[in-house]
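# Examination of the molecular architecture
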Amino acid sequence: MQQLTDPFGRSIEYVRLSVTDRCDLRCFYCMPKGFNDFEAPEHWLSFAEIERVIGAFARLGTRRVRITGGEPLVRKDLPALAARLHALPGIEDLSLSTNAVQLARHAGPLKAAGVQRLNVSLDTPDPQRFRDITGGKLAKVIDGLTAARDAGFSPIKINMVVMKGVNDSDVEAMVEFCIEHGFTLRFIETMPMGDTGREANAHYLPLDVVRERLERHYELVPGVMPGGGPARYLRVAGSELRIGFITPLSQHFCETCNRVRLSVDGTLYLCLGQDHKFELRPLLRSGITDAALDEAIRQAIALKPERHEFNDKPGQVVRFMSMTGG
Ligand code: SAM
Ligand code: SF4
């Protein structure tokens, strides 16, 4: 089997696929309020183009694909794309990151299409705070989560960006919420991506502070979670709840980074925290052969930088998270 390896010896086996840069929420740490400068539809990769690129990655050893955005559920007919990706030889793990606002409608079709795992962003269980952070309605997210559980998704991981003075007081309530509903909880540190991310970074809270605070209320024991991502897991003793800590700033995990990101316009981003990129759309639209596409992807992987520099150069990344595909 072929294997993509970057200049630092890391196997690249995971693609995060952004199917849109649009979103039906406006989380203040991600997308600027009133932002409207979205990618033109003629620049969006079509489903056939996405299928070709992911097919090429699969030939080169990629086994895992996560569909993300922007908000992936705003892309029309997403379950049809999911079914096409699921059918690609070699793709063994298809997952989705969503804000769940439209999940109530889509959970069943997505499950039927072959999406195996679901990550849902939820920063607070409090309706007013949810509105303050995202501009949206919490009730829709709760409906979406319920539908996902009813459709048979398991585990469902909840991602919470923890911000000092914004939602850090909700950490215990989120633990209780996830115990009650049988979800896995993952805390995430803010990242200084774009002006929005830097605004969030003013509320940066290292997650060891959160862990110490939780240890006053709960007994935390080592836990494991299959999936190979960057989260380190603990389990709340006496419950099934596993809690993951994703610490891109306080303990970066670049040395084991196994992923690249494909944005909606066909740009491969080699690192969330750097500008290294490779444009695939012009090649796809000028009739590139499969063999040349594979070679182009190898060239792109050779550009992958060693590490992000969020700590040393927090002003560096101008694109915000929803543009790259978080
Ligand atoms: N819309 C979907 C969602 O919210 O799950 C998928 C895309 S969103 C960009 C993916 C993840 O990026 C979310 O969990 C979100 O909380 C996170 N994110 C966005 N901006 C961030 C920032 N500045 N720092 C840390 N995480 C961020
Ligand atoms: Fe939308 Fe997700 Fe960004 Fe929130 S984090 S604005 S839901 S893309």
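Below you will find a few notes about this structure. (Residues numbered from 1 in each chain as written. Chains lettered and ligands numbered in written order. Predicted model: local features only at pLDDT ≥ 70, side-chain atom pairs only at ≥ 80, totals over all residues. Heavy atoms only, no water.)

### Section: the environment of Ala296
Within the secondary structure, Ala296 is located in helix α10 (residues 290–301). Not counting residues within four places of it along the chain, the set of residues in contact with Ala296 comprises Phe278, Leu280 and Leu283. (Helix = DSSP H or I, 4+ residues; strand = E, 2+ residues; numbered from the N terminus. Contact = heavy atoms within 4.5 Å.)

### Re helix α5 (residues 138–150)
In this model α5 runs 19 Å from its N-terminal to its C-terminal C-alpha over 13 residues, within 8% of the 18 Å that 1.5 Å per residue would give. Within α5, the full set of buried residues consists of Leu138, Val141, Gly144, Leu145, Ala147 and Ala148. Downstream of α5 by one or two residues, Gly152 has phi in the positive range, about 100°. (Expected span 1.5 Å × (residues − 1). Buried < 20%, exposed > 50% of the residue type's maximum accessible area, 1.4 Å probe, protein only.)

### Re the sheet that holds strand β14 (residues 277–279)
Ordered in space as β9-β10-β11-β8-β7-β6-β5-β4-β3-β12-β13-β14, the 12 strands form an open sheet in which the pairing is mixed. Lying at the two open borders of the sheet, with one neighbouring strand each, are β9 (220–222) and β14. Taking each pair of neighbouring strands and ignoring which way they run, the sheet shows an average axis angle of 25°. Here strand β8 (residues 184–188) runs beside strand β11 (residues 242–246); their pairing, made up of four bridges, is parallel. What sits directly across from Ile188, in β11, is Ile246. The sheet contacts of helix α1 (residues 47–59) involve β3 (14–18), β4 (64–68), β12 (259–262) and β13 (267–269), and relative to β3 the element is tilted by about 170°. (Pairing = 2+ DSSP bridges. Axes fitted to C-alpha atoms, helices over the stretch in contact; angles between N-to-C directions.)

### Section: the site of ligand 1
Within the structure, ligand 1 sits among 18 residues, and Tyr29, Gly70, Glu71, Ser121 and Met191 are positioned closest to it. For ligand 1, a nitrogen atom lies 3.0 Å from a polar atom in the backbone of Gly70. At 3.4 Å from an oxygen atom of ligand 1 is found a main-chain nitrogen or oxygen belonging to Thr98. Protein burial of ligand 1: of its 550 Å² of free accessible surface, 94% is covered by the chains. Elements with a contribution of two residues or more to the shell around ligand 1: β5 (93–98) and β7 (156–161). Residue composition of the shell around ligand 1, by class: five nonpolar, 11 polar and two charged. (Near = heavy atom within 4 Å. Polar contact = N/O pair within 3.5 Å; in protein donor to acceptor, adjacent residues only side chain to side chain. Areas by Shrake-Rupley, 256 points an atom, 1.4 Å probe, with all protein chains shown as cover. Nonpolar A, V, L, I, M, F, W, Y, C, P; charged D, E, K, R; others polar.)

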